[in-house]
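So you can see what is in the structure, the chains are spelled out below.
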Amino acid sequence: MLLSKFLSGEISKLEPVYVADTGYQYPIIEKIVGDPKAVGDFLKQLADVGILKKELYDRTIYCPHCGSAKTSIHYNCPYCKSFDVEKSSLIEHVQCGYIDTEQHFRSGEKLICPRCHRELTKPDVDYSKAGIWCVCNSCGKSFDIPVPSHFCRNCQLTFTFEDASYEDVYRYTLSAEAGREASLSWIMVSPIRQFLEARGYKVETPGILRGKSGANHLFDVTASLKNEVNGTLVIDIATVTEDEVTEQPIIALFAKIYDVSPGCACLIAVPKTSENAKRMAKLYNIILFETRDPNEVISGLKTVCVKAVG
Ligand SMILES: [Zn+2]
Ligand SMILES: [Zn+2]
Ligand SMILES: [Zn+2]
C-alpha cells in the first residue's frame, strides 16, 4: 500500500506531522499498519532493507518523567539558575564606539547614544548589533550566554539535556532502486489483474496459497475461478534493471508450485532471461514471458494459460 502511494505519485516524500502532545507522527503509515505503536518498527525495517531512504528531519525532546513531547526551553541565569531572565540586544554606536543594551539607547521611537547624544538612524552605518545581553531579574547579575534547560508543559518537570530523551525524526523517500523495481511490477500487475478480473477470476496481488506441506507460499499474482476445477493460476515477476534474469526465480517458483500444484504457473522475466533459465522453465512446465510489455503477457495468457485453467 505504501509503495503504491509512492508509485502513483500520491506522496513523493513521507514527512512526519507534529502533534502537540505526542510529538511527531506519520498518519499515512498509522492507517496502513493500524497500530500507532508499530509505525516506528515498520519504517525502520523498510529503511534497513533499503526500500526507503531516510533523512534527518528533526530531533524531539521527550520528558524523562512522563514521556510527553510538550516541552519548552528555558534560558536560565548561570549564577542563580532562575529562568526569569531579560534578554536584550547590544548596540554599538559606530561613530563614538559606545556599546550598551538597546534600552539605554531608546528614547521614545528614536535611538539616542547615551554618551555623545547623537541620534542613530541607519542600521549598519550609524550603529551595529553587537550581540545579546541578559540580565537576571532574580539576582540582578548580567551575562551573555544563558544556560538552557527543558520544561515539561505536561507534568511541570524541569530537566536538563543530560536527562532528556532525545530522538531522531526522519523524512522518508522511496529509494531509487526499490522504486524502479516496484514500478516495473506495478506496470505489469495492474493490467494483468484487470484482464483476469474481467474474465471472472478472483485475483490477489500478491496472493498466498497453502501447499501440501502446510507451508504458505507467496506469489505476485494468484487467480482462481469460483467453481475452479483445474486449479489456480499463479504468476511471479522477476525484474532486473540491466543484463538478464537468472534461473534463480525459476527455481524459486518451481519449489513453490511443487508444493501448491496450481493449474498453471507463469514467470514474467523483465526484460529477458538466460538460456539456462529458459531450459529450466520448459523442464518444470513453467510458462515464461520475456517482456516489459504487459499486453504481451495478456495475449499469452489468452491463448496458453487461461485455456489450461479453464
Ligand atoms: Zn513530563
Ligand atoms: Zn540570577
Ligand atoms: Zn555615541
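Residues numbered from 1 in each chain as written. Chains lettered and ligands numbered in written order. Predicted model: local features only at pLDDT ≥ 70, side-chain atom pairs only at ≥ 80, totals over all residues. Heavy atoms only, no water.

Caption draft 1: Summary view of the coordination of the zinc ion (ligand 2). Every protein donor of the zinc ion (ligand 2) is listed here as Cys 77 (SG), Cys 80 (SG), Cys 136 (SG) and Cys 139 (SG), and their distances to the metal cover 2.3 to 2.4 Å. In terms of primary sequence, the donors binding the zinc ion (ligand 2) are separated according to C-x2-C-x55-C-x2-C. Taken together, the positions of Cys 80 in the loop between strand 4 (71-76) and strand 5 (85-93) and Cys 136 in strand 10 (residues 127-136) put the pair 56 residues apart, joining distant regions of the chain. Judged by relative accessible area, Cys 80 falls into the partly exposed class, the value being 34%. (Donors = N, O, S within 2.8 Å, 3.2 Å for Na, K, Ca; no water. Helix = DSSP H or I, 4+ residues; strand = E, 2+ residues; numbered from the N terminus. Buried < 20%, exposed > 50% of the residue type's maximum accessible area, 1.4 Å probe, protein only.)

Caption draft 2: Summary view of the sheet that holds strand 5. Across the sheet, which stays open at both edges, the 4 strands sit in the order 6-5-10-11 with antiparallel pairing between neighbours. What marks the edges here is a single partner per strand, and that holds for strand 6 (99-101) and strand 11 (142-143). Pairing of strand 5 with strand 10 involves 8 bridges; the strand directions are antiparallel. Bridge pairing links Lys 87 to Cys 134 in strand 10. (Pairing = 2+ DSSP bridges.)

Caption draft 3: Structural view of the pattern of salt bridges. In the structure shown here, the tally under the stated rule is 13 salt bridges. Where Arg 171 meets Glu 15, a salt bridge forms, and the shortest distance between an N and an O atom there is 2.7 Å. Here Glu 15 lies in the loop between helix 1 (2-7) and strand 1 (17-19) and Arg 171 lies in strand 14 (residues 165-174), a separation of 156 residues in the sequence. Its salt-bridge partner being Lys 129, residue Glu 102 comes within 3.7 Å of it at the nearest N-O pair. (Salt bridge = Lys/Arg side-chain N within 4 Å of Asp/Glu carboxyl O.)

Caption draft 4: Region of interest: helix 6 (residues 248-260). Taking 1.5 Å per residue as the helical rise, helix 6 with its 13 residues ought to reach 18 Å, and the 19 Å between its terminal C-alpha atoms agrees with that figure. For helix 6, the full list of buried residues reads Ile 250, Leu 253, Lys 256, Ile 257, Asp 259 and Val 260. In this fold, the buried residues of helix 6 make contact with strand 16 (207-210), strand 17 (216-219), strand 19 (233-239), strand 20 (264-270), helix 7 (275-283) and strand 21 (287-290). (Expected span 1.5 Å × (residues − 1). Contact = heavy atoms within 4.5 Å.)

Caption draft 5: Layout of the coordination of the zinc ion (ligand 1). Coordination sphere of the zinc ion (ligand 1), protein contribution only: Cys 63 (SG), Cys 66 (SG), Cys 152 (SG) and Cys 155 (SG), at 2.3 to 2.4 Å. Its 4 donor atoms give the zinc ion (ligand 1) angles of 102 to 119° at the centre, a pattern that matches the tetrahedral case. Every donor residue of the zinc ion (ligand 1) comes from the same chain, spaced as C-x2-C-x85-C-x2-C. What makes Cys 155 partly exposed here is its relative accessible area of 25%. (Tetrahedral: all angles 85-135°; square planar, octahedral: opposite > 155°, others 65-115°.)

Caption draft 6: Molecular detail of the pairing of strand 5. Judged from the 3 bridges that link them, strand 5 and strand 6 form a sheet pairing that is antiparallel. Its bridge partner lying in strand 6, Leu 90 is registered against Thr 101. Taking the residues between adjacent antiparallel strands as the criterion, strand 5 and strand 6 are bridged by 5 residues, where Gly 97 takes a positive phi near 80°.

Caption draft 7: Up close: the sheet that holds strand 4. Reading across the sheet, the 3 strands line up as 4-12-13 and stay open at both edges, with antiparallel pairing between neighbours. Two strands bound the open sheet, and with one partner strand each, they are strand 4 and strand 13 (158-159).

Caption draft 8: Looking closely at the packing of aromatic side chains. Tallied over the entire structure, the rule returns 9 aromatic pairs. For the ring pair Tyr 98 and Phe 105, a centre distance of 5.9 Å and an interplane angle of 55° mean the geometry is tilted. Residue Tyr 98 shares its accessibility class with Phe 105, and that shared class is buried. Site record: aromatic cluster; members linked through ring pairs are Tyr 18, Tyr 24 and Tyr 57. The ring centre of Tyr 170 lies 4.4 Å from the NZ or CZ of Lys 54, which sits over that ring. Stacked on the ring of Tyr 258, the Lys or Arg Lys 212 has its end atom at 6.0 Å from the ring centre. (Phe/Tyr/Trp six-rings, centres within 6.5 Å; stacked < 30°, edge-to-face > 60°. Lys NZ or Arg CZ within 6 Å of the ring centre and 35° of its normal.)

Caption draft 9: Main features of the layout of surface pockets. Put simply, the largest pocket is a space of about 930 Å³. Considering the residues around the largest pocket, the lining is formed by 31 residues, among which Leu 3, Ala 182, Ser 185, Pro 206 and Asp 220 are closest to the centre. Secondary-structure elements contributing two or more residues to the lining of the largest pocket are helix 1, helix 3 (39-48), helix 5 (176-198), strand 17 and strand 19. Here the lining of the largest pocket takes 9 residues from helix 5, the largest share from any one element. Tallied by class, residues from the lining of the largest pocket come to 18 nonpolar, 7 polar and 6 charged. When its volume is computed, the second largest pocket comes out at roughly 550 Å³. Around the second largest pocket, the lining comprises 21 residues; the ones closest to its centre are Tyr 24, Tyr 26, Gly 40, Tyr 62 and Glu 167. Secondary structure elements with two or more residues in the lining of the second largest pocket: strand 2 (23-25), helix 3, strand 3 (52-62) and strand 14. If one sorts the elements of the lining of the second largest pocket by residue count, helix 3 sits on top with 6 residues. Of the residues belonging to the lining of the second largest pocket, the class tally is 10 nonpolar, 4 polar and 7 charged. (1 Å grid on protein atoms, 1.4 Å probe; cavity = no way out; pocket = protein on both sides within 12 Å on 5 of 7 lines; lining within 4 Å. Points joined across faces, edges and corners; volume = space filled by probe spheres on them. Nonpolar A, V, L, I, M, F, W, Y, C, P; charged D, E, K, R; others polar.)

Purely spatial values, then, with no claim about function.
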